[in-house]
Amino acid sequence: MNFHPADMRRQDADIEHERRCRLCAAPIRHTFIDLGMSPPCENFISPDRLGNMETYYPLHVMVCEECFLVQLPEHISPQEIFTEYAYFSSYSTSWVAHAKRYCDHAAARFGLGQDSLVVELASNDGYLLQHFQPLGVPTLGIEPAANVAQAAIAKGVPTRIDFFGVRLARELIAEGKQADLIVGNNVLAQVPDLNDFVAGIALLTKPQGVVTLEFPHVERLIDENQFDTIYHEHFSYFSLTTIDMMAARHGLKVFDVEELPTHGGSLRVYLARADSNYRPSPAVSGLLEREVSGGLKEMTTYTSFADRAHGAKRDLLSFLIAAKNEGKTICGYGAPGKGNTLLNYCAIGTDFLDFTVDRNPYKHGRFTPGMHIPIKPVEAIQEAKPDYILILPWNLKDEIVKQMSHVATWGAKFVVPIPFVKVIDPAEHQP
Ligand SMILES: [Zn+2]
């Protein structure tokens, strides 16, 4: 994959004429939601660049009536996203614990040992593969963002700085590497050439190997109004129905699925080669049936989503306007990608939030893209003693309310924006 500005322009021109589905190439005509224009959500602005122009791209999400893939065109190349990636997975305590449970479980279920190879795609800072080390299972991380890959290498997790697809899969096979387990957590959404990526997975998997993929479930996105999880870096939003079609296109099959609470509600799907010994579990047919009865194979389920997101925007703004009119002070907690979709879509700037805080030191002293809210260390909340704290990574709200329960000493309350505005009093809250 070599993107050049000229290629990107040509691609945008093509999209204007006729968008085609990233997975099945059918023409796509239905809007899922149009969130307007916003800058890339991971482009945190350093103080010296505050006066510069930012590039805004459309966040107009479409849905395919053939395979039901909810999708954004790739206005931004993966190179642009990944050269310096601000997200270090290890900063989320609960996510690292989730990864450890997964590794212990997968090693036991699939009998992984010293002769096995586990490959993780988008292995970030080694937050997951590190847990295979005490089990004696060899691993290889694939991570295109050099800065987070270096953090993995520093902690002894072998990591290749590259993009994954058919090309890299062939290179690894030529080096004698094939995987007993391929892990892809929250990477599928960020792959512009989905078919190349999945074809690479199919190649790299041993004949009886297993692939597990985790991704936010589009059913939950729709049911719980999670429009803020849409951003430019997330090109695709999946149901199990769509994953099943995707697997079949590449000689793979889904043999198990689990529902997880992570990222507002995710699926973990287990794939293997279609001719392998794995037999699909009842969970697979059960969830496929639930998706049908829940309307995920009907266009109206998708096309009616935008009205609910518009309502959530009005609710949040009404709350913030009322609070400011009463003279209350408000700050944010967290500066995640999804926070920036919400802030830009609702046009919430320093007129509402004095600042936000984040545990990731990379973001300290920088400003959120578009709305330019200053990002400070978490301790800034203790100093400012705001009346309300708007939790932007609402999927971690229980963890955050627990960690920050001391704000009750000055009577502060938390506000969760999604699925609709909810105020949490830490003095009363039992996580
Ligand atoms: Zn399609």
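Scoring rules and cut-offs
Here the residue numbers are simple positions, counted from 1 along each chain's written sequence. Predicted model: local features are reported for residues with pLDDT of at least 70 only, side-chain atom pairs are reported and counted for 80 or more only, and whole-chain, interface and lining totals are derived from all residues. Excluding hydrogens and water, the side-chain values take into account all heavy atoms of the structure. A run of H or I in DSSP counts as a helix once it spans at least four residues, and a run of E counts as a strand once it spans at least two, with each numbered from the N terminus. For a compact globule the rule gives 2.2 Å times the number of residues to the power 0.38, and the radius of gyration it is set against comes from C-alpha atoms. A simple rule labels every residue: compare its accessible area, found with a 1.4 Å probe on the protein chains alone, to the largest value its type can have, and call it buried under 20%, exposed over 50%, or partly exposed in between. Residue contacts are counted whenever heavy atoms from the two residues lie within 4.5 Å of one another. All accessible areas in this document rest on Shrake-Rupley with a 1.4 Å probe, and a residue is counted as covered only by the protein chains that are shown. Per-residue confidence from the predictor is reported as pLDDT, a score between 0 and 100. Side-chain atoms within 4.5 Å are what join buried Ala, Val, Leu, Ile, Met, Phe, Trp, Tyr and Cys residues into a set we call a nonpolar core. Note that water is not among the atoms used; donors are N, O and S atoms within 2.8 Å of the metal (3.2 Å for Na, K and Ca), so sites may look incomplete. Under this scheme a four-donor centre is tetrahedral when all angles range from 85 to 135 degrees, a four-donor centre is square planar and a six-donor centre octahedral when opposite donors are above 155 degrees with the rest from 65 to 115, and any other centre is irregular. Paired strands are those between which DSSP finds at least two bridges. Helix axes are fitted only over the stretch in contact, all axes being lines through C-alpha atoms; the angle between N-to-C directions runs from 0 to 180 degrees. We count a salt bridge whenever a side-chain nitrogen from Lys or Arg sits within 4 Å of a carboxyl oxygen from Asp or Glu.

Asker: I would appreciate a short explanation of the overall build of the protein in the present structure.
Answerer: Scanning the protein for helices and strands turns up 14 helices and 17 strands. In terms of overall dimensions, the protein is globule-like: its C-alpha atoms have a radius of gyration of 22 Å, near the 22 Å expected for 431 residues. Relative to its full complement of 431 residues, the protein shows a buried share of 56%. Across the protein, the fraction of contacts at a sequence separation of at least 24, relative to all contacts at a separation of at least 6, is 70%. Accessible area of the protein: about 17,500 Å², with a carbon and sulfur share of 52%.

Asker: What is the right way to read the confidence of the model for the protein from this model?
Answerer: The predicted coordinates of low-pLDDT regions are not to be read in fine detail. Across the protein, pLDDT averages 91, with 92% of residues at or above 70. Segment residues 1-16 is flagged for pLDDT under 50; beyond a separation of four residues in sequence, or across chains, it makes 15 contacts in the model.

Asker: What should I look at first to understand the nonpolar core in this one?
Answerer: Nonpolar side chains in soluble globular proteins generally cluster together in the buried interior. Residues Phe32, Ile33, Phe227, Ile230 and Ile381 are the most contacted members of the largest nonpolar core, which totals 60 residues. No other element matches helix H11 (residues 305-325), which puts nine residues into this core. In this structure, Leu69, Ala179, Val211 and Val269 belong to the second largest nonpolar core, which totals 44 residues.

Asker: Explanation requested: the coordination of the zinc ion in the structure shown.
Answerer: Between any two of four tetrahedral donors, the ideal angle at the metal is 109.5 degrees; between two of six octahedral donors, it is 90 or 180 degrees. Distances from the zinc ion to its protein donors, Cys21 (SG), Cys24 (SG), Cys64 (SG) and Cys67 (SG), fall at 2.3 Å. Each of the four donor atoms bound to the zinc ion contributes to angles spanning 99 to 119 degrees, and the resulting shape is tetrahedral. According to the relative accessible area criterion, Cys24 is partly exposed, its value standing at 22%.

Asker: Help me understand the sheet that holds strand S7 (residues 179-185), please; the structure alone is not making it clear to me.
Answerer: Here seven strands make up an open sheet; going across it, the order is S6-S5-S4-S7-S8-S11-S10 and the pairing mixed. Only two strands of the sheet have a single neighbouring strand rather than two, namely strand S6 (159-160) and strand S10 (252-260). Strand direction decides the pairing type here: strand S8 (residues 205-216) and strand S11 (residues 266-273), joined by six bridges, are antiparallel. Bridge pairing links Glu214 to Arg268 in S11. Docked against the sheet, helix H6 (residues 194-204) engages strand S4 (118-121), S7, S8, S10 and S11, running at close to 145 degrees with respect to S8.

Asker: Can you help me understand the pattern of salt bridges in this one?
Answerer: One side chain can pair with another of opposite charge once the charged atoms of both are near each other. According to the stated counting rule, one finds 14 salt bridges in the structure shown. Of the charged contacts, one joins Arg160 and Glu171 as a salt bridge, the two residues approaching to 3.3 Å between their closest N and O atoms. Residue Arg160 is found in strand S6, and its partner Glu171 is found in helix H5 (residues 166-174); the two are separated by 11 residues along the sequence. On the basis of relative accessible area, Glu171 is assigned to the partly exposed category, the value being 31%. The partner of Glu219 in a salt bridge is Arg290, with the nearest N and O atoms 2.6 Å apart. Placement of the pair is Glu219 in helix H7 (residues 218-223) and Arg290 in helix H9 (residues 282-293), with a sequence separation of 71 residues. By relative accessible area, Glu219 is classed as buried at 10%.

Asker: Before we go on, may I ask you to explain the side chain of Thr368 in this structure?
Answerer: Along the polypeptide, Thr368 turns up in the loop between strand S13 (356-357) and strand S14 (375-376). A residue is classified by how much of its surface remains accessible, and Thr368, at 1% relative accessible area, is buried. For Thr368, the residues in contact, after removing those within four places along its chain, are Phe44, Ile45, Asn340, Leu343, Thr356, Ile373 and Ile375.

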